[in-house]
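Spelled out, the chains give:
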Number of protein chains: 2
Amino acid sequence: MESIQSHTYEVHLEELAEAALKQHIAKSDYSKVFVLVDENTKKHCLPIFLKKLGLEVDAVFEIKSGEEHKNISTCSMVWEFLSNNGGDRKSLLINLGGGVLTDLGGFVASTFKRGIGFINIPTTLLSMVDASIGGKTGVDLGVLKNQIGVINQPEMVLVFPEFLKTLAERQIVSGYAEMLKHGLIKDEEYWKALISMDSYTDAACIQKSIAIKNDVVLQDPTEQGLRKILNFGHTLGHAIESYCLENPDKPTLLHGEAIAIGMILEGYLSHELKGLSRLSLQEIKTSFLAHFKPMTFTPEDIATIVELLKYDKKNSHGDINFVLLQAIGKAVTDVTVPEHLFAKAFAYYEE
Amino acid sequence: MESIQSHTYEVHLEELAEAALKQHIAKSDYSKVFVLVDENTKKHCLPIFLKKLGLEVDAVFEIKSGEEHKNISTCSMVWEFLSNNGGDRKSLLINLGGGVLTDLGGFVASTFKRGIGFINIPTTLLSMVDASIGGKTGVDLGVLKNQIGVINQPEMVLVFPEFLKTLAERQIVSGYAEMLKHGLIKDEEYWKALISMDSYTDAACIQKSIAIKNDVVLQDPTEQGLRKILNFGHTLGHAIESYCLENPDKPTLLHGEAIAIGMILEGYLSHELKGLSRLSLQEIKTSFLAHFKPMTFTPEDIATIVELLKYDKKNSHGDINFVLLQAIGKAVTDVTVPEHLFAKAFAYYEE
């Protein structure tokens, strides 16, 4: 399957990924090769990966999986590990895991001795189609997501769809939400294809989603304009995700589950403010609810979530900016939303 | 006094610094302006600075001064402060302090919401002539200096020599060590001028030192070659500094005090390996010992310091690389030093 050329690196899939990695390690003069895993990827992916790589790595470090460990304390443990194992400026860190692990590992590598090389090997559908492109690295600050980080590119990204076989269905569906987003913001045909498919993990669709995200990022590397469209569903989605993470009475949502709700809500705002048709809005809601269990929100929940929007790092000067849809496949950025519409959007989601 | 053009920003001195800052704030669309100080700069520099600026800042945060606070915990406090005070991507952080504060503040700004703007206002002689150029930001990891950080440039650097009036003599002399280094690695005439001067804080000398460092950095922004000469005295100096910081029986050295010892030791290595004349070596030792109190090292001290060299972030693949002098004003990089010479260098320093 064809590789995708991003900013300074390539994304390789399937058998090409294996060949590219071997070649890269052979030609690079790394002093040490370290691998970062969590308890899941250590068990399910590391043995397969080491067999593929066919060479010894210097040391493997395990962190705990889960958004609640995506913080500076975990970074400190990884920095200590690298330092204690003789990591130097010519060392390589291979991040083998989902988006939490690749975001954190990318940040640790980008800041260890002012930056060492890293390779991301996303092992979840979400991280394959989302975190694999864009150079965003970072960790959370308390309840606030991705507040600490840098933009920095990996040496390469390797996608092995076979890792998806070890994933729980819920994790897969979470990634599918981001794929649907790629259709909604940029490609109606792809959206139609996705909502009528039986499989969530088709390799050609994974490649298509990576290609869409890559096109957007390459056209706007510093997130000044077009790239904002990738945030569709994420402004409210992130706030809902943070709120549920912090609140013991609420279920902890996976990222895709939160942005699925966000996309329905922001779909409603799109209908109200940007002319998205009632039919398309209904199709968006129906499609997501076919895969994602509905949630309920009290008026207090909604008030707190709206409050959290103000901390979203994409906002400045106190304004809350949204990406909305004019139509399926056509996104528009920098829309200011009147506050009274939020309650109506939640009402539409729950009706 | 003429400004110095660095990579992406300018260093302004004295009255031009004041004008440049006012103009920059007026033309930039910052959502918030924050100032980072320590207990010393809050007392001695902040009132002067706010008067110069002639406008309100949004909030001031105080951290504790000293290398022992240059760590990730302090960063977390500053990140929290920015977040709790509504800092967003368009916010500005002004770092008002010595090298510890500007290194840490630069790192915090470079990683807050994946990077906000920052302005450095060095308040010590050392930070004026050293930390003001080069884009190095970061903090220590335990006893190991500057292990965590990124390369990132400030929006501008402002040098107000009047802040030096509030500094203790010992702090001033520490900065003078870096100025002497600039002479040693690049400009014999400047070296001669410095060692025959009565004042440590001559504004023209500060400007000259900044200009020398800037020339070197601009020729080698990614530290692949020439820039390494700035590490003269620092390989052993850093190890000595770390060792003393960690060891309760040893005095805590200021950076300049440690590298002054490092420059005598590495001067000796230069004489042994790179042909630095006996006369020049003697001049280096005499000049430093005229300003810096001699220390004594036991054989155990020396063994531990040599062990620490292996963690220096400039080293890779286990080799320890030194910058040495062929003559005063002429440095050579990437010299491997046989281990038996270290004890002899310490013996020369103490004799």
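Residues numbered from 1 in each chain as written. Chains lettered and ligands numbered in written order. Predicted model: local features only at pLDDT ≥ 70, side-chain atom pairs only at ≥ 80, totals over all residues. Heavy atoms only, no water.

Please clarify how the overall build of chain A should be interpreted in this entry.
Along chain A, the regular secondary structure elements total 14 helices and eleven strands. The C-alpha radius of gyration of chain A comes to 20 Å, within 12% of the 20 Å expected for a compact globule of 351 residues. The principal-axis extents of the C-alpha atoms in chain A amount to approximately 55 × 40 × 35 Å. The buried share of chain A, taken over its 351 residues, is 60%. The long-range fraction of contacts in chain A, counting pairs at least 24 apart against all pairs at least 6 apart in sequence, stands at 76%. As displayed, chain A has an accessible area near 13400 Å², and 50% of this comes from carbon and sulfur atoms. (Helix = DSSP H or I, 4+ residues; strand = E, 2+ residues; numbered from the N terminus. Rg over C-alpha atoms; globule rule 2.2 N^0.38 Å. Buried < 20%, exposed > 50% of the residue type's maximum accessible area, 1.4 Å probe, protein only. Contact = heavy atoms within 4.5 Å. Areas by Shrake-Rupley, 256 points an atom, 1.4 Å probe, with all protein chains shown as cover.)

I would appreciate a short explanation of the domain arrangement of chain A in the present structure.
Often, the extent of an interface is quoted as the loss of accessible area upon association of its parts. Residue and element names in this part refer to chain A. Looking at the assigned domains, one finds that chain A contains domain 1 (4-166) and domain 2 (169-350). Each of domain 1 and domain 2 was reduced to a C-alpha centroid, and the two centroids are 26 Å apart. Listed as interface residues are 25 residues of domain 1 and, on the opposing side, 30 residues of domain 2. The contact between domain 1 and domain 2 buries some 2500 Å² in all, and 68% of this surface belongs to carbon and sulfur atoms. In terms of surface lost to domain 2, no three residues of domain 1 exceed Leu 125, Val 129 and Val 143, which account for 24% of the buried area on that side. When the shortest N-O distance is used, the salt bridge between Asp 130 and Lys 213 registers 2.9 Å. There are six residue pairs in polar contact (both at pLDDT 80 or more) connecting domain 1 and domain 2. It is helix H6 (residues 125-131) that provides the largest number of residues to the side of domain 1 that touches domain 2, a total of five residues. Partitioning the side of domain 1 that touches domain 2 into residue classes produces 13 nonpolar, seven polar and five charged. (Domains from an automatic or database assignment. Buried area = accessible area lost by both parts, 1.4 Å probe. Salt bridge = Lys/Arg side-chain N within 4 Å of Asp/Glu carboxyl O. Polar contact = N/O pair within 3.5 Å; in protein donor to acceptor, adjacent residues only side chain to side chain. Nonpolar A, V, L, I, M, F, W, Y, C, P; charged D, E, K, R; others polar.)

In this structure, what is going on with the sheet that holds strand E6 (residues 117-122) of chain B? I would like to understand it.
The strands that make up a sheet are held in pairs by hydrogen bonds between backbone atoms, and each pair lies either parallel or antiparallel. Residues and elements named next belong to chain B. Pairing is mixed in the open sheet, where seven strands are placed in the order E1-E2-E9-E6-E5-E3-E4. Two strands close off the open sheet at either side, each with one partner strand: strand E1 (4-5) and strand E4 (59-63). Judged from the two bridges that link them, E1 and strand E2 (residues 10-13) form a sheet pairing that is antiparallel. Pairing of Ile 4 across the sheet is with Val 11, part of E2. (Pairing = 2+ DSSP bridges.)

Which parts of the structure should I look at to understand the pattern of salt bridges?
A side chain with one charge may pair with a side chain of the opposite charge, provided their charged atoms come close. Within this structure, the stated rule accounts for 28 salt bridges over all chains. Linking Lys 192 of chain A and Glu 283 of chain A is a salt bridge whose minimum nitrogen-to-oxygen distance equals 3.0 Å. Here Glu 283 of chain A lies in helix H12 (residues 278-289) and Lys 192 of chain A lies in helix H8 (residues 188-195), a separation of 91 residues in the sequence. You can call Glu 283 of chain A partly exposed: its relative accessible area is 24%. The salt bridge involving Arg 170 of chain B is made with Glu 257 of chain B; its shortest N-O contact spans 2.6 Å. Placement of Arg 170 of chain B in helix H7 (residues 169-186) and of Glu 257 of chain B in helix H11 (residues 255-274) is noted, with a sequence separation of 87 residues between them.

Would you explain the sheet that holds strand E1 (residues 4-5) of chain A in this entry?
Strand order across the open sheet formed by seven strands is E1-E2-E9-E6-E5-E3-E4 (chain A), with mixed pairing between neighbours. Taken across any chain shown, the strands that pair with only one partner, and hence form the sheet edges, are E1 and strand E4 (59-63) of chain A.

How should the packing of aromatic side chains be read in this particular structure?
The geometry of two aromatic rings is summed up by the distance between their centres and the angle between their planes. Residues and elements named next belong to chain A. Taken as a whole and assessed by the stated rule, the structure comprises 22 aromatic pairs over all chains. Arranged with centres 6.2 Å apart and planes meeting at 55°, the rings of Trp 79 and Phe 107 form a pair that is tilted. Of this pair, Trp 79 sits in helix H4 (residues 72-84) while Phe 107 sits in helix H5 (residues 99-111), and the two are 28 residues apart along the sequence. You can call Trp 79 buried: its relative accessible area is 0%. In this structure Phe 107 comes out as buried when scored by relative accessible area, which is 0%. Each ring, one from Phe 322 and one from Phe 342, has its centre 5.7 Å from the other, and the planes form 40°; the classification is tilted. Of this pair, Phe 322 sits in strand E10 (residues 321-327) while Phe 342 sits in helix H14 (residues 340-350), and the two are 20 residues apart along the sequence. According to the relative accessible area criterion, Phe 322 is buried, its value standing at 1%. (Phe/Tyr/Trp six-rings, centres within 6.5 Å; stacked < 30°, edge-to-face > 60°.)

Honestly, the packing of H11 of chain B against helix H12 (residues 278-289) of chain B in this entry has me stumped. Any pointers?
Two packed helices can be described by the angle between their axes and the distance between those axes. Residues and elements named next belong to chain B. Closest axis-to-axis distance for the H11/H12 pair is 10 Å, and the angle between their directions is 170°. Between H11 and H12, the angle falls in the class roughly antiparallel. From H11, Ala 260, Met 263, Ile 264, Gly 267, Tyr 268 and His 271 reach across to H12, where they touch Arg 278, Leu 281, Ile 284, Lys 285, Phe 288 and Leu 289. Class assignment of the residues belonging to the contact of H11 with H12 gives a composition of eight nonpolar, two polar and two charged. (Axes fitted to C-alpha atoms, helices over the stretch in contact; angles between N-to-C directions. Parallel < 35°, antiparallel > 145°, perpendicular 65-115°, else oblique.)

Even after reading the chapter, I still don't get the side chain of Ser 110 of chain B, so can you show me in this structure?
Relative to the helices and strands, Ser 110 of chain B is located in helix H5 (residues 99-111). With relative accessibility at 4%, the residue Ser 110 of chain B sits in the buried group. For Ser 110 of chain B, the side chain forms a polar contact with the main-chain oxygen of Gly 106 of chain B, separated by 2.6 Å. Contacts of Ser 110 of chain B, omitting those with residues within four sequence positions, involve Gly 149 and Val 150 of chain A together with Gly 115, Phe 118, Thr 137, Val 150 and Asn 152 of chain B.

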